[in-house]
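# Observations on the model geometry
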Amino acid sequence: MKFFIDTANLDQITEAHNLGVLDGVTTNPSLMAKEGITGDLNIINHYKAICSVTDGDVSAEVISTTFEEIIREGQELAELHEQIVVKVPMIKEGIKAIKYFSGKGIKTNCTLVFSAGQALLAAKAGATYVSPFVGRLDDISTDGLALIRDIRLIYDNYDFQTKILAASIRHPMHIIDAAKIGADVITGPLSSITALLKHPLTDNGLVQFLADYNNAALKDK
Ligand code: G3P
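Residue indices begin from 1 for each chain and proceed along its sequence in written order. Given that the model is predicted, a residue must reach a pLDDT of at least 70 before its local features are reported, and side-chain atom pairs must reach 80 or more before they are shown or counted; all residues, however, enter totals for whole chains, interfaces and linings. Derived side-chain values reflect all non-hydrogen atoms in the structure, with water molecules and hydrogen atoms excluded from consideration.

### Topic: the overall build of the protein chain
Short version of the rule: Secondary structure is summarised from DSSP: a helix means a run of H or I of at least four residues, a strand means a run of E of at least two, and numbering begins at the N terminus for each. Residue exposure (1.4 Å probe, protein chains only): buried if accessible area is under 20% of the type maximum, exposed if over 50%, otherwise partly exposed. Two residues form a contact once any of their heavy atoms are found within 4.5 Å. The Shrake-Rupley method, run with a 1.4 Å probe sphere, supplies the accessible areas, and residue values consider only the shown protein chains as cover. Counting rule applied: Lys, Arg positive; Asp, Glu negative; His and chain ends not counted. The location of each charge is read from NZ of Lys, CZ of Arg, CG of Asp or CD of Glu.
Helix and strand content of the protein chain: eleven helices and eight strands. Expressed as a percentage of its 221 residues, the buried residues of the protein chain come to 44%. Considering only residue pairs separated by 6 or more positions, the protein chain has 57% of its internal contacts joining residues 24 or more positions apart. When the accessible area of the protein chain is evaluated, it comes to approximately 11500 Å², of which 55% is carbon and sulfur surface. Separation of charge centres in the protein chain, based on 20 positive and 27 negative side chains, amounts to 3 Å.

What follows is the structure, encoded as structure tokens:
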């Protein structure tokens, strides 16, 4: 299972990378805006900076919505760096573009996926990754993880090679449940990944081990 971090924040990407468990990065226009990255040149340089931190796939999202524009923008993004994956929205023009990119050997991430039918279309078009948004489905009282389960079943039935990238991950239980279901990748904030470290029995146990060591050393003196 791969761990991607869902942010454009270079400090957080570096922290996840230094932890040794980072396999890639996903961004979107909202995440870039949150970091104050605006203007084509700044955005391009920021993608390059992200690629210099991680050696995994980096999803860069197009803002175009017509086939011709998605192709033009996506090709420019793909040429920036070999790690760039062109993130394309789940719309009719996006599916056409994913099919085109697939034929050209350009990696794609089909984003804003909220149904099994959309995921099936993305796989048929040859998407490298499909991004079902778990948290945003939960937000509207729908079971986001049930969608991951459905997509896993469908892809396995037909041996589709598209990777299930469970996106909009909000907390560690989303990661654990996605792992149980067999999602290929999760992408979430750094906090959702570092939360996996935490257990009170680990903390209490370590305090006790260190105290016992120090007490025994004192007795030796
Ligand atoms: O990058 C797409 C997705 O992961 C967004 O997550 O938390 O904004 O729903 P969120």
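### Some thoughts on the packing of aromatic side chains
For any pair of aromatic rings, the description consists of the separation of the ring centres together with the inter-plane angle of the planes. The line we're drawing: Centres within 6.5 Å are what make two rings of Phe, Tyr or Trp a pair, Trp counting through its six-membered ring; a difference in plane orientation under 30 degrees is then read as stacked, over 60 as edge-to-face, and the rest as tilted.
What the rule picks out here adds up to six aromatic pairs. Ring plane angle 70° and centroid distance 5.8 Å describe the contact between Phe4 and Tyr129, whose orientation is recorded as edge-to-face. You can see Phe4 sitting in strand E1 (residues 2-6) and its partner Tyr129 sitting in strand E6 (residues 129-132), a full 125 residues away along the chain. Here Phe4 falls in the buried class, since its relative accessible area comes to 1%. Note on Tyr129: relative accessible area 6%, which makes it buried. Between Phe67 and Tyr100 the ring centres are 6.1 Å apart and the planes differ by 90°, which places this aromatic pair in the edge-to-face class. With Phe67 in helix H4 (residues 67-80) and Tyr100 in helix H5 (residues 92-104), the pair connects residues that are 33 residues apart, well separated along the chain.

### Digging into the UniProt feature "active site" (unreviewed entry) in the protein chain
We apply this condition: UniProt positions are given in the numbering used here, feature names are shortened, and annotations may be inferred rather than shown by experiment. Polar contact is defined as a pair of N or O atoms within 3.5 Å, subject to the rule that within protein one atom must be able to donate a hydrogen and the other to accept it, and that residues adjacent in sequence are counted only when both atoms are side-chain atoms.
In the UniProt entry, the feature "active site" (unreviewed entry) is given for Lys87. When you line up the elements, Lys87 lands in strand E4 (residues 84-89). Overall, the relative accessible area of 4% leaves Lys87 in the buried class. Filtering out sequence-adjacent residues up to four positions away, Lys87 remains in contact with Thr26, Thr27, Asn28, Ser59, Ala60, Glu61, Val62, Asn109 and Thr111. Within the structure, the side chain of Lys87 is placed 2.9 Å from the backbone oxygen of Thr27, a separation counted as a polar contact.

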